[in-house]
Amino acid sequence: MLKEIYYPDRDFAKQARIKNMCEYRDLAGWAKEDYEGFWDHWAKEKIDWFAPYEKVLDESDAPFYKWFVGGKLNVSHQCLDRHLDQRKNKAAIIFEGDRGDKQVITYLELYRNVNRFANLLRNEFGVKKGDRVVLYMPMIPEAAYAMLACARIGAIHSVVFGGFSAEALRDRIIDAQAKVIITADGAFRKDKPYMLKPVVDTALEEGCDSVEKVLVVQRNFEDIVWIGGRDYSYNELIGQQSDTCEPEVMDSEDPLFLLYTSGSTGKPKGVQHAQAGYILWAQMTMEWVFDVKENDTYWCTADIGWITGHTYIVYGPLAAGATTVMFEGVPTYPDAGRAWKMVQEYRINQFYTAPTAIRVLHKLGEHEPEKYDLSSLKVLGTVGEPIDPPAWKWYYEAIGGGRCTIVDTWWQTETGGHMISPLPGATPVKPACATFPLPGIMAEVLERDGTPVEPGEQGLLCITKPWPSMIRTIWGDPERFKKSYFGDVVKEGKPVYFSGDGAVIDEDGYITITGRVDDVINVSGHRLGTAEIEAAIKKHPHVAEVAVVGKPDDLKGESIFAFVVLKEVDDSFGEEAELAKEINEVIAQEIGNIAKADTIKVVPGLPKTRSGKIMRRILRSIAKGEEIKQDISTLEDPSIVAQIQTCVIG
Ligand code: WTA
């Protein structure tokens, strides 16, 4: 397939860290020839070690790989203390609130704020190295302080996205056995206050015995319930804390954080990341992929509840000594020019967002960007889902002025940082294509037996060597870790990391991600397991059986389509629309609004094999309104297919 090629801007390339494909090939070749030497070099150059490591990579307990074994460091030191000589007065965080309020926090101020926060957790709440702290926070600077404060004292944070329900929050608190919850009364969205603390209160009503204290940042100052002896106001306590705090000496492999993410089966899994490898790659990819320079202002629109917010709002930019913009609001409020206005105002140089946001901003304000001066932009990034060529083109032309490389970054919660992405000064880009693995990353598109696919054929996207920022395990469930990632693809007798994504590699070696090949749905760049949504829907008293599939959606990438089979229902049962509403309420309660189904269809049965397995591929075709190409003769009841089709069309 021949695609247009877009070359990096020449002037930009000249000053970029990686300036051309020769330099890229040299780096990638170095990693291939001397894998450990390559990583050893960067780890020594980039990390300010308290004590050196003894071994670069320990593979003896594969797939539980260990990196920079025996090294000592502190991630908050890497992000803060290290910069104080050179950039103490540089803006570390530029915050813009929903209502336009602004705050600039310099590296010195950030250092002090984090130390105060760390002292509060350590001295007032007794949080120790290894304790788990759950954050349920809005997009305010205190969220970043809290993450870094945990890192400073060696506590393991688990940030739960503010859109998750009390049930989902509770599950994560219990799984991690968290000692402290950090939250806010709420924050502002579209000029109105919204609340978080009441959700925490509900979550803590049952089963959260591990939780001793709740720290509440007062952001919108709405009325909330305070439970004596449990709930404390950050605003009241923080002023009394010392602004120096000795960083805990951490081992390279000590856990840094947990982040729960959806898989194809069961409950969300607590992806566990380690200290040194994670921060090394967060910093290196900031430098290579965004090419962030000393005077740049970088903005990633993600939420800190997702891995993108962890690596590319907080840890990566700060480790790289960059200025990172944090935004509380939504890019479409008060109008579709909000983001572009901010780009103009702060002279943003690198802008990183999700394809869904690009599609929405395109739809709502195709000509909006023309009203603003976007000439400061140098690099544009996308992440989270495949981007379609029309959205890519608009982003490239209308936002980037045909000048900025679009870095279509493929990676996952589990990978910690970018894996496959263009390099903005080097890579000739094909639209909507993640291009090549970054130097040091051995990404391959394989068959299940580990053989590479032919150019143009779809295969499984795998990483065939361990890398420093990889997931270490699933919290409390090492067997599930092995099974989830190292069970499906075996290359040369060795299980390799399988991402769950499909990809195509073309004759030039360009990799295009085609999307999940497992039962994970990607709605607006949010990962949701069909199993989780189905478990929620089954809680509705009328539902006997359910199967959920993803259906391609112009705006959201995928939408959620649920096929439900009802129990024997009496006459009191109302309209399908009414039922759909009720089911969505159950989903909102169990998981959160982000998991609500777009379509819910009542069907007489599900297409099952004789062994009882639901054939989701058939349901996906029906949801899309496609002709059924699969062989249905193996179904227990082949006639069910036509019946389901009638229900869906009717
Ligand atoms: C998808 C987000 C296409 C993919 C960083 C992956 C992408 C899942 C891209 C991980 C991309 C991420 N092109 N698809 N550039 N980036 N994905 O864990 O399906 O929230 O497996 O991490 O998002 O989602 P997660």
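To be clear, the structure that these remarks concern was listed above.
These numbers come from a predicted model, not from an experiment.

In spatial order, the strands read β5-β4-β17-β16-β18-β19-β20; together these seven strands make up an open sheet with mixed pairing. Taken across any chain shown, the strands that pair with only one partner, and hence form the sheet edges, are β5 (102-106) and β20 (405-409). Averaged over all pairs of adjacent strands, the angle between strand axes in this sheet comes to 20°, irrespective of strand direction. Relative to strand β19 (residues 379-383), strand β18 (residues 350-353) runs parallel, the two sharing four bridges. Counterpart to Tyr352 in the pairing with β19 is Gly381.

Each neighbour pair has its own omega, and for Ala62 with Pro63 the value is 0°, a cis peptide bond. Counting through the fold element by element, Pro63 comes out in the loop between β1 (55-58) and β2 (66-69). Here the amide bond leading from Tyr333 into Pro334 is cis, since omega sits at 5°, within 30 degrees of zero. The residue Pro334 is located in the loop between β17 (323-327) and α13 (338-346) in this model. Of note, the phi angle at Ala432 is positive, near 60°, even though the residue is not glycine. Within the fold, Ala432 resides in the loop between β20 and β21 (443-446). One non-glycine residue, Glu492, lies in positive phi territory at about 45°.

Time to look at the site of the ligand. Around the ligand sit 17 residues, and of these Asp408, Thr409, Thr413, Asp501 and Arg527 come closest. The contact in question runs from a nitrogen atom of the ligand to an N or O atom on the side chain of Asp408, over 2.7 Å. Compared with its free state, where it exposes 530 Å², the ligand has 96% of that area covered by protein. Mapped by element, the contributors of at least two residues to the shell around the ligand are α12 (307-319), β20 and β26 (511-516).

On to the pattern of salt bridges. Summed over the entire model, instances satisfying the criterion amount to 48 salt bridges. Put simply, Lys197 and Asp231 hold a salt bridge, and the shortest N to O gap is 2.8 Å. Residue Lys197 is located in helix α9 (residues 197-203), and its partner Asp231 is located in strand β12 (residues 231-233); the two are separated by 34 residues in the primary sequence. Considered together, Lys197 and Asp231 belong to a single accessibility category, that of buried residues. Two residues, Glu626 and Lys624, come together in a salt bridge whose shortest N-O distance is 3.2 Å.

The rules behind each value
Residues numbered from 1 in each chain as written. Predicted model: local features only at pLDDT ≥ 70, side-chain atom pairs only at ≥ 80, totals over all residues. Heavy atoms only, no water. Pairing = 2+ DSSP bridges. Helix = DSSP H or I, 4+ residues; strand = E, 2+ residues; numbered from the N terminus. Axes fitted to C-alpha atoms, helices over the stretch in contact; angles between N-to-C directions. Near = heavy atom within 4 Å. Polar contact = N/O pair within 3.5 Å; in protein donor to acceptor, adjacent residues only side chain to side chain. Areas by Shrake-Rupley, 256 points an atom, 1.4 Å probe, with all protein chains shown as cover. Salt bridge = Lys/Arg side-chain N within 4 Å of Asp/Glu carboxyl O. Buried < 20%, exposed > 50% of the residue type's maximum accessible area, 1.4 Å probe, protein only.

It is worth stressing that arrangement in space is one thing and function is another; only the former is reported here.
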